[in-house]
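Letter by letter, the chains look like this.
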Amino acid sequence: MCSLALDSGLRGNDDDQNAASRLSRQYQYRVTGSPNLSLHAALRGKAQTAFERIENFLDASFGGADNPLRHLGALGLYFLWILVATGLYLYTVLDTSIEGVYRSIGHLSREQWYLGGMLRSLHRYASDGFVLAMMLHLAREWAYGRYHGFRLYSWVTGVPLIWLAYISGIGGYWIVWDRLAQFSAIATTELFDWLPFFNEPTARNFLAPDSINDRFFTVLVFIHIGIPLMLILGLWAHVNRISRVDYLPSRRLMLGTLASLLVLALVKPALSEAPADLALAPTALALDWFILFIHPLTDITSPASVWSLIFGATILLFALPFLPQPTAQPIAVVDAANCNGCSRCHADCPYEAVTMALHPDKAGHKIAVVDPDLCAGCGICAGSCPSSTPFRSQERLVTGIDMPQQPVDVLRRQLEAQLARLGTQAAGTTRLVVFGCDKGADVHRLTSADTAAISLLCTGMLPPSFIEYALRSGADGVVVTGCREGGCDFRLGMQWTRERLAHQREPHLRSLVPPDRLQLVFASRSEGDTVATVVNKFRKQLRDLAVASRKPPAYSRRIR
Amino acid sequence: MPKPAAIVGQIILYGAFAAFIGYFSTSPTYQQIPDDVALIKLSMSHLGGRECRKRTPEELAKLPANMRAPLDCPRGRSDIKLVLELDGKPMFDTVMHPTGLSKDGVSTVYKRFEVKAGTYQLAVKMNDNLVINHDFNFVKEAQVTLKPARVLVIDFNPDKGGLFFQ
């Protein structure tokens, strides 16, 4: 509905300034309107705020690139690689006989503590770290509302991975065949026996010492290798629809995490309990609460309650994307006449939604093609398009790839209207233009007599030429703000913006723009005050500059 | 290069992460049963009986040569009645139903009972063919001494004489 209103604004014959102002009002309505007042939305909002505060707190020590909370998926994968590497060694020394499993694992911890024992401890603690990272990743993506629309596939493919992780983790504890393994094996089979699937109670397999044989551990090891392989396959599917996947976190984060696990392994090595004895019930157990919490939960409730919880949570997770959600953003639209096939949108799209095909009208040229199922509607492609420059003289600016809900033509008209308003201020006023992001700190509150604020779908959709255009059309300074490093809602928007402004990525900001007239601010949604402070400081800094000598030459667009 | 304060912050936070993982990977200790308790596990998997009828020579003659089984047995199995008594008092009383859509599978039970450690008179009685038998056709009774954490299994195995304690 909103996009239709914008579209009609585009095609109407209204005066540009009025149109831009009207569109701006509609645009603001789009950003702040259609509130979802459900309990779920309220809960999610609170969770998002909590995550943002903790992330901002961790940023102070780690910075965005090394902040573990901002890279939970990559961190989880890193734990998985540690598990695979350490597991390979443990497998080579494992004796799969009933007596042998306990003895061979125990031997590592006692006689070879410096290698096998450390690897065993790393294996256990990395598994706990994996579960922790996985559950935090799930909670964070939910809190940020990243489970519907174009993210549906990633969300749905992620849910079975939780099952695989827990099956693998619980099975791993059985291999040691100590008292804890005995407890977990019996508790798990008793839980399974509540389901009406088995002809005979599976818990009968652990009735008495002579109930199990050596083949049990051979099968168990096979499962403990097979399930993680399925997990890796599932992870491949999970990240299949996004580009430039962070398969590993930053080197510093990896080293720091590994060091902390190594220190933990030294201080508190993972050890076996007493050997399993099915004639005796295990009493006090050093339980791994990350993985085996389900057993005490069954004891204090019932198998029926636990299965209801497990299946209920799984169904809820699968159903979550299909609950009523905010209207999906319109997707990017390619204009064949203005697409020169440069592939920049293809390179910058965070979700591999843009591919290149043969141009239907220009022989030997390519054209961008947008996959509607994958497009996030972030506008990063519009920001990457070389045709998205406001210096073009056409009355209506049409670029190669654009967003229907906020076309670059509207952006230019909005900017020109705001610059015209700022131009009416008294001489000596320091006029600022602030470009912000709908997902980051609210920049509309900064609008004042000497400040124009324009919020974009994502800061990554800002073509750098708009900054030059603003400065050459009357602004004294430009502030560009977006999400904190590692916190971009569309993954790569701020990274591309930073690189474009630093002349490291096309389309880059021309060197005509003095660096001291541009301020880049990384701020999350809750940091509106921080942005306001930076803007005020920047304004004061600009006042102290020798204005005439440091501004790029003035420019006035000729309308063709 | 991170500032010294950031490095200190990282060390503290990595330490907190390791401490969190280290603590909850083994603590708090979980105790499923109290120290002075033993377990009795009643578990069996047994085919209930069925009443077969001997075919008459005339009936056998009417059948194809390869199908002349002397007994005509129904496919379904009988329910099994099972009673467990501790010191003469009923502890568990159930009727186990055969599994399978045609009720031709085994009847099973798996129950775990927590009892205070001590000496008890334990009796288990089973009737595996409710159609024919009007009383329990398998009975096992014995005085058992259960030490703390001891697991006593009550099972059924025809090769071991029927009901047995382990």
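Note that the coordinates shown come from a computational prediction; the quantities given were computed from them, not determined experimentally. (Residues numbered from 1 in each chain as written. Chains lettered and ligands numbered in written order. Predicted model: local features only at pLDDT ≥ 70, side-chain atom pairs only at ≥ 80, totals over all residues.)

## Some remarks on the domain arrangement of chain A
Residue and element names in this part refer to chain A. Here chain A is partitioned into domain 1 (39-322) and domain 2 (329-550). Each of domain 1 and domain 2 has a C-alpha centre, and the two are 43 Å apart. Listed per partner, the contact involves 18 residues of domain 1 and 17 residues of domain 2. (Domains from an automatic or database assignment. Contact = placed C-beta atoms within 7 Å.)

## Here we look at helix α6 (residues 113-143) of chain A
Between its terminal C-alpha atoms α6(A) stretches 42 Å, which fits the 45 Å expected from 31 residues at 1.5 Å a residue. Count one or two residues on from α6(A) and you reach A:Gly145, which has phi positive near 70°. (Helix = DSSP H or I, 4+ residues; strand = E, 2+ residues; numbered from the N terminus. Expected span 1.5 Å × (residues − 1).)

## Here we look at helix α1 (residues 4-24) of chain B
The end-to-end C-alpha distance of α1(B), which contains 21 residues, comes to 30 Å, matching closely the 30 Å that a straight helix rising 1.5 Å per residue would cover. B:Gln10, B:Tyr14, B:Ala18, B:Ile21 and B:Gly22 are the residues of α1(B) that are buried. Along the long axis of α1(B), the arc covered by the buried residues comes to 100°, so they all point the same way. Relative to its buried face, α1(B) has exposed residues pointing more than 90 degrees away, namely B:Ala5, B:Val8, B:Ile12, B:Ala16 and B:Tyr23. Looking at the buried residues of α1(B), the elements they touch are α3 (39-66), α6 and α10 (251-267) of chain A. (Buried ≥ 20, exposed ≤ 12 C-beta atoms within 10 Å, placed from the backbone. Arc of directions from axis to C-beta.)

## Here's the deal with the packing of helix α5 (residues 98-111) of chain A against α6(A)
All names here are of chain A. Between α5 and α6, whose axes approach to 6 Å, the crossing angle comes to 125°. By the angle between their axes, α5 is oblique relative to α6. Remark: the crossing between α5 and α6 carries left-handed chirality. Across the interface between the two elements, Ile105, Leu108, Ser109 and Arg110 from α5 touch Trp113, Gly116, Gly117 and Arg120 from α6. A breakdown of the residues in the contact of α5 with α6 according to their chemical character gives three nonpolar, three polar and two charged. (Axes fitted to C-alpha atoms, helices over the stretch in contact; angles between N-to-C directions. Parallel < 35°, antiparallel > 145°, perpendicular 65-115°, else oblique. Left-handed = near helix turned anticlockwise from the far one by under 90°. Nonpolar A, V, L, I, M, F, W, Y, C, P; charged D, E, K, R; others polar.)

## Quick notes on the sheet that holds strand β10 (residues 151-157) of chain B
Residues and elements named next belong to chain B. Strands sit in the order β7-β2-β10-β11 across an open sheet of four strands; the sheet is mixed. The open sheet has two edge strands with one neighbour each: β7 (107-116) and β11 (162-165). The mean inter-strand angle of the sheet, taken between neighbouring strand axes irrespective of direction, is 10°. Of the pairings in the sheet, the one linking strand β2 (residues 37-46) to β10 comprises four bridges and is parallel in character. Residue Leu42 lies in a different strand from β10, and its bridge partner there is Ile154. (Pairing = 2+ DSSP bridges.)

## Points about unusual backbone geometry
The residue after A:Glu506, namely A:Pro507, is reached through a cis peptide bond having omega -5°. With respect to the helices and strands, A:Pro507 occurs in the loop between α17 (493-501) and β9 (518-522). Positive phi is not limited to glycine here, since A:Arg244 has a value of about 50°. Looking at the secondary structure, you find A:Arg244 in the loop between α9 (214-238) and α10. Not every positive phi belongs to a glycine, and B:Ala149 is a case in point at roughly 70°. Here B:Ala149 shows up in the loop between β9 (138-146) and β10. Under the C-beta neighbour-count criterion, B:Ala149 is labelled partly exposed, with 19 such atoms within 10 Å.

## Structural notes on the sheet that holds β9(B)
Strand pairs in the sheet, formed through backbone hydrogen bonds, run parallel or antiparallel to each other. All names here are of chain B. Taking strand neighbours across the sheet as the criterion, the four strands line up as β6-β5-β8-β9 in an open arrangement whose pairing is antiparallel. Both outer strands of the open sheet, β6 (89-96) and β9, are each paired with one neighbouring strand and no more. Each strand axis lies, on average, 15° off the axis of its neighbour in the sheet, ignoring direction.

## Let's talk about the nonpolar core
Residues and elements named next belong to chain A. Formed by 79 residues in total, the largest nonpolar core has its most connected members in Phe79 and Phe130. With 10 residues, the single largest contributor to this core is helix α4 (residues 72-93). Excluding its chain neighbours within four sequence positions, the residues that come into contact with Phe130 are Gly76, Phe79, Leu80, Leu83 and Ala165. (Core = buried A, V, L, I, M, F, W, Y, C linked by C-beta atoms within 7 Å.)

## A short note on the domain arrangement of chain B
Reports of interface size often rely on the accessible area that becomes lost once the parts have come together. Each domain of chain B was delimited in the assignment, giving domain 1 (1-30) and domain 2 (37-48 + 76-165). The gap between the C-alpha centroids of domain 1 of chain B and domain 2 of chain B is 52 Å.

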